[in-house]
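Chains, contacts and geometry: an overview
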Amino acid sequence: MKISESNWFEIEEYLRTDDRCVLPLGSTEQHAYLSLSVDSILSEKVAADAAEPLGVPVFPAVAYGLTPYFMGFPGSVSLKLSTYAALLRDILDSLYATGFRRVLIVNGHGGNSPVQPVTMEWMEANEGARCRFHDWWRAPETWNCVQEIDPVASHASWMESFPWTRLPGRELPDEQKPFVDFDRLRDRNAAGVRALIGDGNYGGVYQKPDADTDRLWEIAVRETRAQLEGDWA
């Protein structure tokens, strides 16, 4: 039940018997040859695929996040941490005010992790509120699948290359890019990060056969659905 495909009457009726919802978090940032919206596309799709058989509403992905290190790549957009924290709190407050009590946040961008304490503050301030923060791509079974397929995998590599994140008519390199030196990434500004990583891929081949990524996606959806179905008591 995507919010974008629902009206308020339907959501009011849903809330008579259930108070769960899903809030995907994404980002708008470079992903080498893939869409700049990869993180938003993936977080919203894995959320929708997971929630669909349960009938749980899925809100549109928050399309902007924390990505100051990619500001050397045109098209990337980064919010200040204070702005993002306030935005997330406003969204959670709105969900609570309209009747939702159990919120699964499906995060698609590692840089967004610093806002997790906002969920703790929100639960403390609102009686009966529950919030889970789920990084879909590094959930245990999903990450194990990545390692089984090819451990050389990272940002903008094959593990984010799906039919729904690839761009029509854009050729992907046919090679395996060595991992970048992650230690060197930590003390660079945006221009330094761009100089170090070049096209934006952190390491790995650019695309795997769909059979591999289909298996990865199936596990990611199942693991995300388990977060919704699990014991909230």
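The structure we're discussing is the one just above.
Let us look at the structure shown here. (Residues numbered from 1 in each chain as written. Predicted model: local features only at pLDDT ≥ 70, side-chain atom pairs only at ≥ 80, totals over all residues. Heavy atoms only, no water.)

Bringing the pairing of strand β1 (residues 20-25) into the picture now. β1 sits mainly inside the fold: 6 of its 6 residues count as buried. Where burial is concerned, the two faces of β1 agree: the one with R20, V22 and P24 and the one with C21, L23 and L25 are both buried. Relative to strand β2 (residues 102-107), β1 is paired through 6 bridges, and the arrangement is parallel. Across the sheet, R20 pairs through a bridge with R102, a residue of β2. (Buried < 20%, exposed > 50% of the residue type's maximum accessible area, 1.4 Å probe, protein only. Helix = DSSP H or I, 4+ residues; strand = E, 2+ residues; numbered from the N terminus. Pairing = 2+ DSSP bridges.)

Here the focus is the layout of surface pockets. Roughly 690 Å³ of internal volume is contained in the largest pocket. If you go around the largest pocket, you meet 27 residues; those closest to its centre are G110, S154, H155, F182 and Y202. Put simply, the parts of the chain that give the lining of the largest pocket at least two residues each are α2 (38-51), α5 (140-149) and α6 (182-185). (1 Å grid on protein atoms, 1.4 Å probe; cavity = no way out; pocket = protein on both sides within 12 Å on 5 of 7 lines; lining within 4 Å. Points joined across faces, edges and corners; volume = space filled by probe spheres on them.)

Time to look at unusual backbone geometry. Located in the positive-phi region is A32, a residue other than glycine, with phi close to 55 degrees. Checked against the element boundaries, A32 lands in the loop between β1 and α2. Residue A156 is not a glycine yet carries a positive backbone phi of 70 degrees. Structurally, the position occupied by A156 is in the loop between α5 and β4 (176-177).

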